[in-house]
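# Structural description and commentary
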Amino acid sequence: MNNKRFKAASRGLLAAFACAGALMTAPALAQSARPTLDLATARLMADACERHAKEKGWRMIIAINDEAGNPKHFSRMDGSILISIRVAQLKADTSAGAPFSTRQFRDLSKTVIGAELIPHTSTIIGGLPIVTSKGAHIGSIGVSGGSEEEDEVCAQKALDAVKHLM
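As the structure is a computational prediction, the values presented were derived from the model and not from experiment. The numbers attached to residues start from 1 for each chain and follow its sequence in the written order. A pLDDT threshold of at least 70 governs which residues receive local features in this predicted model, and a stricter bar of 80 or more applies before side-chain atom pairs are shown or counted, although totals over entire chains, interfaces and linings include all residues. For the side-chain quantities, the full set of heavy atoms in the structure was used; hydrogens and water were omitted.

Turning next to the packing of helix α2 (residues 39-56) against helix α5 (residues 148-161). To describe two helices that pack against each other, one gives the angle between their axes and the distance between the axes. As a packed pair, α2 and α5 sit with axes 8 Å apart at the nearest point and diverge in direction by 135°. With respect to α5, the element α2 is oriented oblique. Like other packed secondary-structure pairs, α2 and α5 cross with a definite hand, here right-handed. Together, M45, A48, C49, H52 and A53 of α2 and V153, C154, A155, K157, A158, L159 and A161 of α5 make up the contact between the two elements. Within the contact of α2 with α5, the residues separate by chemical class into ten nonpolar, one polar and one charged. To get an axis, fit a line to the C-alpha atoms, keeping to the stretch in contact for a helix; angles then go from 0 to 180 degrees between the N-to-C directions. In this text, helices come from DSSP runs of H or I with a minimum length of four residues, and strands from runs of E with a minimum of two, each type numbered from the N-terminal end. When an angle is under 35 degrees it counts as roughly parallel; over 145 it counts as roughly antiparallel; between 65 and 115 it counts as roughly perpendicular; any other value is oblique. By definition, turning the near helix anticlockwise from the far helix through less than a right angle yields a left-handed crossing, and turning it clockwise yields a right-handed one. The contact criterion used is simple: two residues touch if any of their non-hydrogen atoms lie within 4.5 Å. Each residue gets one of three labels, nonpolar for Ala, Val, Leu, Ile, Met, Phe, Trp, Tyr, Cys and Pro, charged for Asp, Glu, Lys and Arg, and polar for the others, Gly among them.

Following this line, the structure appears as structure tokens:
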């Protein structure tokens, strides 16, 4: 008789745990997963940018941020100029804060008084947002070390290299 009561109590306890588990996961299931930029993809981007820069004889610094604007990957080619470190970071910060390029931010700052004074932004061309094929803004890249056009071309090469992953 004790054994029967024990089995019945065990089944009841097991059922209670199952219900509690289902209730605890319900809110998690209701939220959608947001795409993120992983480190492997960021490295592929930097590698592509560096390969292109080497072919052209450029010495670039590459800063890649995640969707929250936090640094995800950073690389500095040999012989690059030191001031470009902060410039690349500011370009990445700009395109992380809004899903547009530093070129677009420069154009915007011409029409919005004081836009160029927003902290952690740059109007120097060479920063691009990283956007998935479905339009999710998942990060940014900032490249510095060449002319503005060279920086932007290098950043675009990085995006093109991982387009199939987005």
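Back to the text.
Moving on: the pattern of salt bridges. By convention in these notes, a salt bridge is any Lys or Arg side-chain nitrogen within 4 Å of a carboxyl oxygen on Asp or Glu. Tallying each qualifying case throughout the model produces four salt bridges. The closest approach of N and O atoms between D93 and R86, which form a salt bridge, is 4.0 Å. Here the term buried applies to any residue with accessible area under 20% of the maximum for its type, exposed to any over 50%, and partly exposed to those in between, with areas from a 1.4 Å probe on protein chains only. The class of D93 is partly exposed, set by a relative accessible area of 22%. Owing to a relative accessible area of 37%, R86 belongs among the partly exposed residues under this scheme. Linking E148 and R106 is a salt bridge whose minimum nitrogen-to-oxygen distance equals 2.2 Å. Of this pair, E148 sits in helix α5 while R106 sits in helix α4 (residues 102-111), and the two are 42 residues apart along the sequence. We classify R106 as partly exposed; its relative accessible area is 25%.

For the rest of this paragraph, the subject is the packing of aromatic side chains. Paired rings are identified among Phe, Tyr and Trp, the last through its six-membered ring, by centres lying within 6.5 Å, and are further divided according to the angle between planes into stacked (under 30 degrees), edge-to-face (over 60) and tilted (the rest). Scanning all chains against the criterion turns up one aromatic pair. On the numbers, 6.4 Å between centres and 15° between planes, the contact of F100 with F105 is stacked. Judged by relative accessible area, F100 falls into the partly exposed class, the value being 23%. A relative accessible area of 6% places F105 in the buried class.

As for its position among the elements, G127 is in strand β3 (residues 127-131). The class of G127 is buried, set by a relative accessible area of 0%. For G127 and S101, which are 26 residues apart along the polypeptide, the C-alpha to C-alpha distance reads 5.4 Å. Those residues in contact with G127 that lie beyond four places of it in its chain are K91, S95, S101, T102, I141 and G142.

Here we come to the pairing of strand β2 (residues 71-76). In the sheet, strand β1 (residues 61-66) pairs with β2 via five bridges, with the strands oriented antiparallel. Paired with I62 across the bridge in β2 is S75. The rule for pairing is simple: two strands pair if DSSP sees at least two bridges between them.

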